[in-house]
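# An overview of the molecular structure
Chain residues, written in single-letter form:
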Amino acid sequence: FPYGVCLVSRPQRFGAYDLLERINVGGMAEVFRAVHRETNRVVAIKRILPSVAEDDEFIEMFRDEATIASQLDHPNIVRIFEVGKLESSYYIALEYIEGKDMRTVVDNASRTRAPLSMPFAVHVIQCLCSGLDYAHNRMDPRGKPLGLVHRDVSPQNVLVGYDGNIKLIDFGIAKAAGKL
């Protein structure tokens, strides 16, 4: 991951989860690799940073992301398992992908002067198009189109699993037609 991994000295309890390591941090949220204590499922926990926990506009955007993304079930879009609030901290429990983001993959290829293969590039684009087509054409339970547009398909929002799976993440600035 581009921001490096920050191992915690020992797992930190967070609701039903143990936070194992921080894998990313941005201006508004941080992401941890975590494990659910009852199911032993490894997940990614995305939670709002305390510095923006009082920002109603950001909280609404965070909740919108969770609401939108939790309606999506496609092999090329990271799944949402749970959305919640623990004390004053909103969080999303997401599918954890063992791998790297596309920005890291491209940067490593550039640094080592080992260009990405055409079949790999086509595979990534095909998977992204499949996931985006699904999201763009997704209907609500009443059959009404969600009108969803991701709005930030960028290398850091594309995960490349070590198993070859490609997953789109971060619907944080996605908009549904009803929210525009």
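Here, the structure is the one placed above.
Residues numbered from 1 in each chain as written. Predicted model: local features only at pLDDT ≥ 70, side-chain atom pairs only at ≥ 80, totals over all residues. Heavy atoms only, no water.

The helix and strand inventory of the chain stands at 3 helices and 9 strands. Starting at the N terminus, the α and β elements of the chain follow one another as β-β-β-β-α-β-β-β-α-α-β-β. Taking 180 residues into account, the globule formula puts the C-alpha radius of gyration at 16 Å, and the chain, at 17 Å, falls close to it. Summarising its shape, the C-alpha atoms of the chain cover approximately 50 × 45 × 30 Å along the three principal directions. With 180 residues in all, the chain has 42% of them scored as buried. Of the contacts formed within the chain by residues at least 6 apart in sequence, a portion of 49% connects residues at least 24 apart. Counting every atom, the chain has about 10400 Å² of accessible surface; 53% of that belongs to carbon and sulfur. Averaging the positions of the 22 positive and the 23 negative side-chain charges in the chain gives two centres separated by 2 Å. (Helix = DSSP H or I, 4+ residues; strand = E, 2+ residues; numbered from the N terminus. Rg over C-alpha atoms; globule rule 2.2 N^0.38 Å. Buried < 20%, exposed > 50% of the residue type's maximum accessible area, 1.4 Å probe, protein only. Contact = heavy atoms within 4.5 Å. Areas by Shrake-Rupley, 256 points an atom, 1.4 Å probe, with all protein chains shown as cover. Lys, Arg positive; Asp, Glu negative; His and termini not counted. Charge placed at Lys NZ, Arg CZ, Asp CG, Glu CD.)

Moving on, we get to the pattern of salt bridges. By the definition in use, this model includes 8 salt bridges. Across the pair Arg33 and Glu21 runs a salt bridge, and its minimum N-O distance is 2.6 Å. Of this pair, Arg33 sits in strand E3 (residues 29-36) while Glu21 sits in strand E2 (residues 17-25), and the two are 12 residues apart along the sequence. The partly exposed category is assigned to Arg33, whose relative accessible area is 22%. Among the salt bridges present, the one from Lys167 reaches Glu95, with a minimum N-O distance of 3.1 Å. With Lys167 in strand E9 (residues 166-168) and Glu95 in strand E6 (residues 89-95), this pair connects stretches of sequence that are 72 residues apart. Neither Lys167 nor Glu95 differs from the other in exposure class; each is buried. (Salt bridge = Lys/Arg side-chain N within 4 Å of Asp/Glu carboxyl O.)

Taken together, 3 strands build an open sheet; the order of strands is E7-E8-E9 and the sheet is antiparallel. Only two strands of the sheet have a single partner each, and these edge strands are strand E7 (99-101) and E9. Neighbour-to-neighbour, the strand axes of the sheet open up by a mean angle of 25 degrees, direction not taken into account. For E7 and strand E8 (residues 158-161), the ladder comprises 3 bridges, and the chain directions are antiparallel. Across the sheet, residue Asp101 finds its bridge partner in E8, namely Leu159. In the packing of helix H2 (residues 102-111) onto the sheet, contacts are made with E7 and E8, and the angle to E7 comes to roughly 85 degrees. Strands E8 and E9 of the sheet are contacted by helix H3 (residues 118-136), whose axis makes an angle of about 40 degrees with E9. (Pairing = 2+ DSSP bridges. Axes fitted to C-alpha atoms, helices over the stretch in contact; angles between N-to-C directions.)

Below, the discussion takes up the environment of Val42. Considering the arrangement of structural elements, one finds Val42 in strand E4 (residues 42-48). In this structure, the C-alpha to C-alpha distance between Val42 and Asp18, residues 24 residues apart in sequence, is 9.6 Å. If sequence neighbours within four positions are ignored, Val42 has contacts with Arg33, Ala34, Val35 and Tyr96.

This paragraph deals with unusual backbone geometry. A positive phi angle is found at Asn40, which is not glycine, with a value near 60 degrees. Among the structural elements, Asn40 can be located in the loop between E3 and E4.

Helix length check: H3 (19 residues) gives 26 Å between terminal C-alpha atoms against 27 Å at 1.5 Å per residue, within 8%. Every buried residue of H3 is listed here: Val124, Cys127, Leu128, Gly131, Leu132 and Ala135. The buried residues of H3 occupy an angular sector of 125 degrees when projected down its axis, which confines them to one face. Exposed residues lying more than 90 degrees from the buried face of H3 are Met118, Pro119, Ile125 and Gln126. (Expected span 1.5 Å × (residues − 1). Arc of directions from axis to C-beta.)

These figures capture arrangement, not role.
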